[in-house]
Amino acid sequence: MKYLIVGLGNKGEEYTETRHNVGFKVAEKIAETLGVPFKSSNFGLLAEGKYKGRKVFILKPDTYMNLSGNAVKFWLQKENIPIENLMIVTDDLALPFGTLRMKMKGSDAGHNGLKSIQEQLQTKNYPRLRFGISAEFSEGKQVDYVLGKWNEVEKEKLPERIEKFSKACLSFVFAGIQNAMTGFNGK
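- As annotated in an unreviewed UniProt entry, the chain carries the name Peptidyl-tRNA hydrolase and is attributed to Kaistella chaponensis.
- According to UniProt, the comment filed for the chain under the heading Catalytic activity (unreviewed entry) is "an N-acyl-L-alpha-aminoacyl-tRNA + H2O = an N-acyl-L-amino acid + a tRNA + H(+)".
- Quoted verbatim from the Subcellular location (unreviewed entry) field of the UniProt record, the comment on the chain reads "Cytoplasm".

Quick look at the structure:
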């Protein structure tokens with residue numbers, strides 16, 4: 001069985017430590033856990049590894065957030081991975097910082113990366129893991145907030161949360177989405 005885990009983010013040094021790039025951070029932790037390096041490939045950086053006998057592709061798209069769907073569609077088709085074996089890891093303003101929410105399907109909730117994926121796959125029915133970044137910004141400052149860097153309190157808690165999200169993704173690969181949702185949602 002093959003799986004594709006996609007951490008959403010934006011390429012470039014200026015985005016590395018921003019809230020919007022938390023998907024990249026989770027992807028990096030999964031690759032580190034599996035002991036596999038990222039290599040430049042079509043539509044981004046790709047790491048390939050195995051987890052409990054299952055082939056896992058970990059992707060950090062280089063398409064920028066708004067075109068993430070192009071990378072997702074390409075790798076699903078290239079590796080013939082069924083959509084139910086896809087996991088998208090993304091930031092979510094509607095959830096308190098560090099909250100983990102895994103779902104089998106859902107709306108894009110105004111997130112441009114999810115919107116692009118939905119458009120390219122022609123469905124809302126794909127697994128996603130949302131990382132709460134909260135909504136601590138003034139009116140009209142949403143873009144500055146999501147593209148802003150973590151505050152000191154968040155930075156302190158971030159490694160533990162990224163570790164938890166990484167484990168949730170690997171649980172999805174090994175135990176399936178229902179078991180992963182039961183074991184990790186809200187934790």
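### A closer look at unusual backbone geometry
Move 1: In this structure, F43 is a non-glycine residue whose phi angle is positive, near 65°.
Move 2: Turning to its location among the elements, F43 is positioned in the loop between β2 (39-41) and β3 (44-51).
Move 3: A relative accessible area of 32% places F43 in the partly exposed class.

### Details of the nonpolar core
Move 1: Among the nonpolar cores identified, the biggest contains 34 residues, and I58, M87, M102 and L129 are the most heavily contacted of them.
Move 2: Per-element accounting of this core gives the leading share, eight residues, to helix α5 (residues 152-175).

### With respect to the packing of α5 against helix α6 (residues 177-184)
Move 1: At a minimum axis distance of 7 Å, the contact between α5 and α6 shows a crossing angle of 150°. It follows from the interaxial angle that α5 and α6 lie roughly antiparallel. Of the two possible hands of crossing, α5 and α6 adopt the one that is right-handed. Each of K164, K167, A168, S171, F172 and A175 in α5 lies in contact with α6, whose residues at this interface are I177, N179, A180 and F184.
Move 2: Grouping the constituent residues of the contact of α5 with α6 by class yields six nonpolar, two polar and two charged.

### Some thoughts on the pairing of strand β4 (residues 54-61)
Move 1: The buried fraction of β4 is high, at six of eight residues.
Move 2: As paired elements, strand β1 (residues 2-7) and β4 share five bridges and run parallel to each other. Across the sheet, Y3 pairs through a bridge with V56, a residue of β4.
Move 3: One ladder, built from eight bridges, connects β3 with β4; its direction is antiparallel. For L45, the partnering residue across the bridge sits in β4 and is K60.

Rules used in this analysis
- Residues numbered from 1 in each chain as written.
- Predicted model: local features only at pLDDT ≥ 70, side-chain atom pairs only at ≥ 80, totals over all residues.
- Heavy atoms only, no water.
- UniProt positions renumbered as here; feature names shortened; annotations may be inferred.
- Helix = DSSP H or I, 4+ residues; strand = E, 2+ residues; numbered from the N terminus.
- Buried < 20%, exposed > 50% of the residue type's maximum accessible area, 1.4 Å probe, protein only.
- Core = buried A, V, L, I, M, F, W, Y, C linked by side-chain atoms within 4.5 Å.
- Axes fitted to C-alpha atoms, helices over the stretch in contact; angles between N-to-C directions.
- Parallel < 35°, antiparallel > 145°, perpendicular 65-115°, else oblique.
- Left-handed = near helix turned anticlockwise from the far one by under 90°.
- Contact = heavy atoms within 4.5 Å.
- Nonpolar A, V, L, I, M, F, W, Y, C, P; charged D, E, K, R; others polar.
- Pairing = 2+ DSSP bridges.

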